[in-house]
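A structural walkthrough
Now for the letters of each chain:
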Amino acid sequence: MALLVPSRVKFRKAFRGKRGGVATRGNEISFGAFALKSEDSAWISARQIEAARRAMTRFTQRGGRIWIRIFPDKPITKHPAEARMGSGKGDVVGYVAVVKPGTILFEMGAVTEEIAREAMRLAAHKLPIKTRFAVKGIS
């Protein structure tokens, strides 16, 4: 399982940040004809992205093209279990992608709408947010 992680980062640990507002970037279909669009804001982990990608790839039987439009570049830290309070920030345990409402998560092309719709439905079940199917030009 080749998880998505940044090849190098400028800062090892990041603040948690705020997640308000709607997406102004990455909110239009650019590569394929069909897309999965988020309706909530959330952190989506590298594992969840990979699980959704696998679901789509398996359903299409490796036909068509799939583009992943989000990348987990935010490090998430955690203290070990049963550690006492304090003593600084925990160790990096994984990476997440920050997603806002309207962000395009995945795109698909070179398949029929029925196949794309079902593949995206299966992928949506792997994600922790509400999503909707979008078609280029209609959105």
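Thresholds, definitions, all that
- Residues numbered from 1 in each chain as written.
- Predicted model: local features only at pLDDT ≥ 70, side-chain atom pairs only at ≥ 80, totals over all residues.
- Heavy atoms only, no water.
- Pairing = 2+ DSSP bridges.
- Helix = DSSP H or I, 4+ residues; strand = E, 2+ residues; numbered from the N terminus.
- Axes fitted to C-alpha atoms, helices over the stretch in contact; angles between N-to-C directions.
- Contact = heavy atoms within 4.5 Å.
- Salt bridge = Lys/Arg side-chain N within 4 Å of Asp/Glu carboxyl O.
- Buried < 20%, exposed > 50% of the residue type's maximum accessible area, 1.4 Å probe, protein only.
- Expected span 1.5 Å × (residues − 1).

1. Comments concerning the sheet that holds strand β2 (residues 42-45)
- Ordered by their spatial adjacency, three strands build an open sheet running β2-β5-β4, and the pairing between neighbours is antiparallel. In the strand order of this sheet, the two ends are held by β2 and β4 (74-78), each with one partner. The average angle at which neighbouring strand axes cross in this sheet is 50°, direction not considered.

2. Considering the sheet that holds strand β1 (residues 34-38)
- Across the sheet, which stays open at both edges, the four strands sit in the order β3-β6-β1-β7 with antiparallel pairing between neighbours. Since the sheet does not close on itself, it has two edges, and those belong to β3 (65-68) and β7 (131-135), each with one partner. Sheet twist, expressed as the average angle between the axes of neighbouring strands with direction ignored, equals 20°.
- Pairing of β3 with strand β6 (residues 104-109) involves four bridges; the strand directions are antiparallel. Pairing of Trp 67 across the sheet is with Glu 107, part of β6.
- Helix α1 (residues 46-59) rests against β3 and β6 of the sheet, and its axis sits at about 20° to β6.

3. Focus: the pattern of salt bridges
- Counting across every chain of the model gives six salt bridges.
- For the salt bridge of Glu 50 with Arg 54, the shortest nitrogen-to-oxygen distance reads 3.3 Å. Note that Glu 50 and Arg 54 are positioned in helix α1 at a spacing of four residues, about one turn of the helix.
- Taking relative accessible area as the criterion, Glu 50 reaches 8% and is therefore assigned buried.
- The salt bridge partner of Glu 113 is Arg 117, with a shortest N-O separation of 2.7 Å. Of this pair, Glu 113 and Arg 117 both sit in helix α2 (residues 113-124), four residues apart, roughly one helical turn.

4. Quick word on α2
- Helix length check: α2 (12 residues) gives 16 Å between terminal C-alpha atoms against 16 Å at 1.5 Å per residue, within 8%.
- Looking at the packing, one finds that the buried side of α2 touches β1, α1, β6 and β7.

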